[in-house]
Amino acid sequence: MLAKGMEIIERAVLRLEPRQGVRLINLSPSWAIKRMQRERFQRTLRLAAERSRFYREEFKRRNIDVASIGHPSQLGDFYTTGEDLRSHGPEAFLTGRPETAFETTGTTSPLPKRVFFSNRELEEMGRCSAVSLYRLGVRSEDRVISAFDSSFWVSPVVLKMAVQFLKCFHLEAGKIQPAEFYERARPYGPNVIFGEPSWLLRLSEIARKRGSWPMKFLFAGGENITEDAREYVEKVWEAPLYLSYGQTESFGTLGAECERKDGYHRNDLFFLFETPEVDVTGYGELVYTTLVRDVMPLIRYRSSDLTKIVDEPCPCGFFVGRLAKIRARCDEMIVCGMGNVGPWVFDEILRGINGSAPEWQVVVKHGEQRDLVELHLETDSHVGKGELERVVLRHLRERFPDFWKNYEMNLYDLHLTISPPGALRKGRKLRRVVDRREMVPFQGTGREVRAI
Ligand SMILES: [Zn+2]
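Residues numbered from 1 in each chain as written. Predicted model: local features only at pLDDT ≥ 70, side-chain atom pairs only at ≥ 80, totals over all residues. Heavy atoms only, no water.

Turning our attention to the coordination of the zinc ion. Protein-derived coordination of the zinc ion comes from Cys258 (SG), His265 (NE2), Cys314 (SG) and Cys316 (SG), at a distance range of 2.1 to 2.3 Å. For the zinc ion, the four donor atoms in the first shell make angles of 101 to 115 degrees at the metal, a pattern classed as tetrahedral. Mapped onto the polypeptide sequence, the residues donating to the zinc ion form the spacing pattern C-x6-H-x48-C-x1-C. Placement of the pair is cysteine 258 in the loop between strand E8 (252-257) and strand E9 (264-266) and cysteine 316 in the loop between strand E13 (309-310) and strand E14 (322-323), with a sequence separation of 58 residues. (Donors = N, O, S within 2.8 Å, 3.2 Å for Na, K, Ca; no water. Tetrahedral: all angles 85-135°; square planar, octahedral: opposite > 155°, others 65-115°. Helix = DSSP H or I, 4+ residues; strand = E, 2+ residues; numbered from the N terminus.)

Moving on, we come to helix H8 (residues 178-185). Listed as buried for H8 are Pro178, Phe181, Tyr182 and Ala185. Buried positions in H8, seen along its axis, are confined to an arc of 100 degrees and lie on one side of it. Check the buried side of H8 and you find it contacts strand E3 (143-146), strand E5 (192-195) and helix H9 (197-210). (Buried < 20%, exposed > 50% of the residue type's maximum accessible area, 1.4 Å probe, protein only. Arc of directions from axis to C-beta. Contact = heavy atoms within 4.5 Å.)

Attention now goes to the packing of aromatic side chains. Tallying each qualifying case throughout the model produces 27 aromatic pairs. Between the aromatic rings of phenylalanine 169 and tyrosine 188, the centroid separation amounts to 6.3 Å while the plane-to-plane angle is 20 degrees, which identifies the pairing as stacked. In this pair, phenylalanine 169 sits in strand E4 (residues 169-172) while tyrosine 188 sits in the loop between H8 and E5, placing the two residues 19 residues apart along the sequence. Classification of tyrosine 188 as partly exposed rests on a relative accessible area of 38%. An angle of 85 degrees between the planes, with centres 5.7 Å apart, marks the rings of phenylalanine 271 and tyrosine 288 as edge-to-face. Of this pair, phenylalanine 271 sits in strand E10 (residues 271-274) while tyrosine 288 sits in strand E11 (residues 284-290), placing them 17 residues apart in sequence. Each member of the pair phenylalanine 271 and tyrosine 288 is classed as buried. (Phe/Tyr/Trp six-rings, centres within 6.5 Å; stacked < 30°, edge-to-face > 60°.)

When the pLDDT values of the protein chain are averaged, the result is 87; 89% of them are 70 or greater. Per-element confidence in the protein chain ranges from a low mean pLDDT of 32 for strand E23 (residues 448-450) to a high of 98 for E3. (pLDDT = per-residue confidence, 0-100.)

What follows covers the sheet that holds strand E19 (residues 371-378). Strand order across the open sheet formed by four strands is E20-E19-E18-E21, with mixed pairing between neighbours. Two strands lie at the open edges of the sheet, namely strand E20 (412-419) and strand E21 (433-435), each paired on one side alone. This sheet shows a mean twist of 20 degrees between the axes of neighbouring strands, independent of strand direction. In this sheet, E19 lies alongside strand E18 (residues 360-366) in antiparallel orientation, the contact comprising seven bridges. Note on E19: the bridge partner recorded for glutamine 361 is histidine 376. The sheet contacts of helix H11 (residues 343-350) involve E18, E19 and E21, and relative to E18 the element is tilted by about 120 degrees. (Pairing = 2+ DSSP bridges. Axes fitted to C-alpha atoms, helices over the stretch in contact; angles between N-to-C directions.)

Time to look at the nonpolar core. Tyr55, Phe59, Leu75, Leu218 and Trp237 are the most contacted members of the largest nonpolar core, which totals 92 residues. The element that contributes the greatest number of residues to this core is helix H7 (residues 155-166), accounting for seven residues. (Core = buried A, V, L, I, M, F, W, Y, C linked by side-chain atoms within 4.5 Å.)

Close contact between helix H6 (residues 119-135) and H7 brings their axes to 7 Å; oriented N to C, the two are set at 65 degrees. The way H6 lies across H7 gives a crossing that is right-handed. From H6, Leu122, Glu123, Met125, Gly126, Arg127, Ser129, Ala130, Leu133 and Tyr134 reach across to H7, where they touch Val157, Val158, Leu159, Met161, Ala162, Phe165 and Leu166. Counted by class, the contact of H6 with H7 contains 12 nonpolar, two polar and two charged residues. (Left-handed = near helix turned anticlockwise from the far one by under 90°. Nonpolar A, V, L, I, M, F, W, Y, C, P; charged D, E, K, R; others polar.)

To continue, consider the environment of asparagine 26. Along the chain, asparagine 26 falls in the loop between helix H2 (18-25) and helix H3 (30-51). Considered as a pair, asparagine 26 and phenylalanine 318 are 292 residues apart in the sequence and their alpha carbons are 6.4 Å apart.

Attention now moves to the pattern of salt bridges. For the structure on display, the rule yields 33 salt bridges. Here arginine 86 ties to glutamate 83 by a salt bridge, and the two come within 3.6 Å at their closest N and O atoms. Taken as a pair, arginine 86 and glutamate 83 lie in helix H5 (residues 82-88) at a separation of three residues, close to a single helical turn. Arginine 86 gets classed as buried once you look at its relative accessible area, which sits at 18%. With relative accessibility at 47%, the residue glutamate 83 sits in the partly exposed group. With a shortest N-O distance of 2.5 Å, arginine 184 and glutamate 180 are connected by a salt bridge. Taken together, the residues arginine 184 and glutamate 180, both in helix H8 and four residues apart, mark about one turn of the helix. Sharing partners across several salt bridges, the network here consists of Glu58, Arg61, Arg62 and Asp77. (Salt bridge = Lys/Arg side-chain N within 4 Å of Asp/Glu carboxyl O.)

Shown next, in the form of C-alpha cells:
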C-alpha cells in the first residue's frame, strides 16, 4: 500500500508542471522509494520470465524461481550483457509490442546493439528529463539548440520530448560541423546548447576566436570529458557545462549532474543500480535493472562502465543518491607493465597540459623487452615534443608515484607522439585505451592468454 502511495506521488510528479514536480519529489522519503523499487522490480522480473524468450530460458536453465526474488542481487551470477543483446537479437528480449528503436554506437564491436521501446516509455523518459533540466534552471523563456547526432541515436528524441514539457523554444541542428553550427545557430540566440563533449569543445574553440554570446549553460552527453576541457568550455562561454550519463540500452539518462558537478544524480525511480564487485576504492562495474519498461526490460544489465555508488547526501539537497563520474569502460582497463591503467590515469597525467585538453589515445604494444605505452596526443600548441614529454613525465612522477616507480624500474617504455587537432577521432566515439599486444590461443582450454 505504501509503495502504491509512492507510485501515485511519482505519477503526479511526472504529470505536474516540472516546477511543482521538483518540489513534490524532494518530499519523498527514501524508504518509500525503496519499497516502490522493490515492487517494480518484481513486476519487471515476472514480465521478463513470462514473455521474453531469453529470460524465460535463462531462468529455467538456472532454476531461478522469480517469485522468490526480491532484489537483483539475489540472482547470483546472472547478468545480461551487451553480447547477449547482439548474439540473441533484441527479439529474444521483447515482452511487448515495440513502437520505436534506437541503436548503440560502441567502441568494442562494429555491430550495433538494437533496443526497442514504446511511445509511453519515451514520454515518461521525457518527463523525467524535464524534471532534471528544470532543476538545472531551464525555463519556458529559454532557447535550446541541440547538436546531438540524430542518426539512430536516442538522445535527441528524449531531449525533444523533455523540452516539450518545459515549453521552451527548441531546435535540432543535428551533428553538423561546429563552424557551420556556430554561424547558423547564432541568429536564434540559443542560451542552452546540447551536444557531445568533444563536439562542444570544438564549438568553444571557434567561439573563443569569433566571439561567444550569453549562455545559461551547456549540456553534454554521450561520452566523458576531462575537467580541463570542461574548464575551457566554461571559460569561453562564461557558463557552466553539465554532464549526463546514460546508454541507449537505458533509454538515455541514467543520471545527470546538478550544479555541484560532483557525480550524476541517479534516476532511482526508473532503475535499480548495483556495483556487485568493487575494488578497495569502492569502484566497480555498474549493473542496472530497468523498473518501468514493458517492451524490452533489462535485468541486471552490465553497463561496462566503471563507477562508484555514492549514497551520501549531495549539498544541493536533491533527494536521490549519485553515481561518481565514470572512470573508464571496463574493456578499457589494461594491466600492463605500467600497472592497472584506464583512461582516467591519462586524463590526470594530461591535466594542465596544452590548454583546451585535446584528444588523446593510448596504445599499449609489445616492445622489444617490455610493454610499450604509446601516448598519442593532439596538439595545436607551439610547445615542442621534447618539452611536452618532460611535462608528461613530471606529472607521472608527481601524480602516480606507483606508475613512476615501474617506469624507473624499466617495466615499460612510454613514448609520446603528437599530431594536429582532428587526427585521432574517426567515428563518433574514440576509444581511449587500446591494447594491441598480440593475443594467442592458450593450448588446451580454449581460453585466451597474452603472449609474453
Ligand atoms: Zn547534487
